[in-house]
Structures are given as structure tokens and as C-alpha cells.
Amino acid sequence: MDTTQTRTGLWEDSDPVLWRRAASDWRALWISDEVGRRGRQALTDDLGYAGPSKIDTLQAQGRRLRADAAAGDREAIDRLTRAEDLGRILTARQ
């Protein structure tokens, strides 16, 4: 699916609550991935957080969402799909 189709699909299904949730989920997934690549303290410093507790919370949320989706939870699968679609738009990846 190309970025234009993704953007159009998300817009047509537009619901402010779903957009907010997708943005929150995408941030948690991104943090979870980045902690694995760069480390918790480096990410805390780069984002300007006072301490790593916010990073820990977001990382746990991202892991939980992926685990729930992998376990077949329909809501988690839908949330993961929306978050990944939004991430492709935000990062302009196809």
C-alpha cells in the first residue's frame, strides 16, 4: 500500500479518538524500537526527558501492544495496523 492510499484510507475512516490513539501507539512502538537500537539512557537524553521513567512506560506499552496483537487480540491488531500506517505517513516510508 502506498503512502497516498494509506493517508486516504485513514482520512476516510477519520475519527479523532482513533487518530489520537494511533499517534500514542506509534510513539510507544517507536520508543520500544529505539530503546533496542540506541539504549534507554541515550534516548532519554536525546528526547530531553528528566529521567528514564517515561521511556520505560512507553517501551512497556509498545511491547504490550505487539504481544497482544501477536496473541490474536483483534483490537490490538487493529490498533497496531493503524499505528504502523500512521508511522509510514509520518516517516514517508512506503
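Please refer to the structure higher up on the page.
Residues numbered from 1 in each chain as written. Predicted model: local features only at pLDDT ≥ 70, side-chain atom pairs only at ≥ 80, totals over all residues. Heavy atoms only, no water.

Positionally, Arg 79 belongs in helix H5 (residues 74-91). Sequence-distant contacts of Arg 79, defined by excluding residues within four places in its chain, comprise Arg 21, Asp 25 and Leu 65. (Helix = DSSP H or I, 4+ residues; strand = E, 2+ residues; numbered from the N terminus. Contact = heavy atoms within 4.5 Å.)

What follows covers the packing of helix H2 (residues 16-38) against helix H4 (residues 53-70). Where H2 meets H4, the closest approach of the two axes is 7 Å, and the angle between their N-to-C directions is 105°. It follows that H2 is roughly perpendicular to H4 by the angle criterion. Residues Asp 25, Arg 27, Ala 28, Leu 29, Ile 31, Ser 32, Asp 33 and Val 35 of H2 form the contact with H4, whose participating residues are Lys 54, Ile 55, Leu 58, Gln 59, Gln 61, Gly 62, Arg 63, Leu 65 and Arg 66. Counted by class, the contact of H2 with H4 contains seven nonpolar, four polar and six charged residues. (Axes fitted to C-alpha atoms, helices over the stretch in contact; angles between N-to-C directions. Parallel < 35°, antiparallel > 145°, perpendicular 65-115°, else oblique. Nonpolar A, V, L, I, M, F, W, Y, C, P; charged D, E, K, R; others polar.)

Turning next to the packing of H4 against H5. Orientation of H4 relative to H5, taken along the N-to-C sense of each, is 125°, at an axis distance of 7 Å. Of the possible angle classes, the one that applies to H4 and H5 is oblique. For the pair H4 and H5, the sense of crossing is left-handed. Contacts between H4 and H5 involve Leu 65, Arg 66, Asp 68 and Ala 69 from the first element and Ala 76, Ile 77, Arg 79 and Leu 80 from the second. (Left-handed = near helix turned anticlockwise from the far one by under 90°.)

Let us now look at H4. Compared with an ideal rise of 1.5 Å per residue, which puts 18 residues at 26 Å, H4 spans 26 Å between its outermost C-alpha atoms and is within 8% of the ideal. Buried positions along H4 lie against H2, helix H3 (40-47) and H5. (Expected span 1.5 Å × (residues − 1).)

Another aspect to go through is H2. Look at H2: 32 Å from first C-alpha to last across 23 residues, which is about the 33 Å you get at 1.5 Å a residue. Along its buried surface, H2 packs onto H3, H4 and H5. One or two positions beyond H2, positive phi appears at Gly 39, with a value near 95°.

Structurally, the position occupied by Asp 78 is in helix H5. On the basis of relative accessible area, Asp 78 is assigned to the partly exposed category, the value being 30%. Counting along the chain gives 56 residues from Asp 78 to Ala 22, while the straight-line C-alpha distance between them is 9.7 Å. (Buried < 20%, exposed > 50% of the residue type's maximum accessible area, 1.4 Å probe, protein only.)

Counted by the stated rule, this structure contains nine salt bridges. Here Asp 56 ties to Arg 40 by a salt bridge, and the two come within 3.4 Å at their closest N and O atoms. Pair noted here: Asp 56 is in helix H4 and Arg 40 is in helix H3, with a separation of 16 residues, a long-range link. Looking at Asp 56, the relative accessible area reads 30%, which means it is partly exposed. The exposure class of Arg 40 is partly exposed, given its relative accessible area of 38%. (Salt bridge = Lys/Arg side-chain N within 4 Å of Asp/Glu carboxyl O.)

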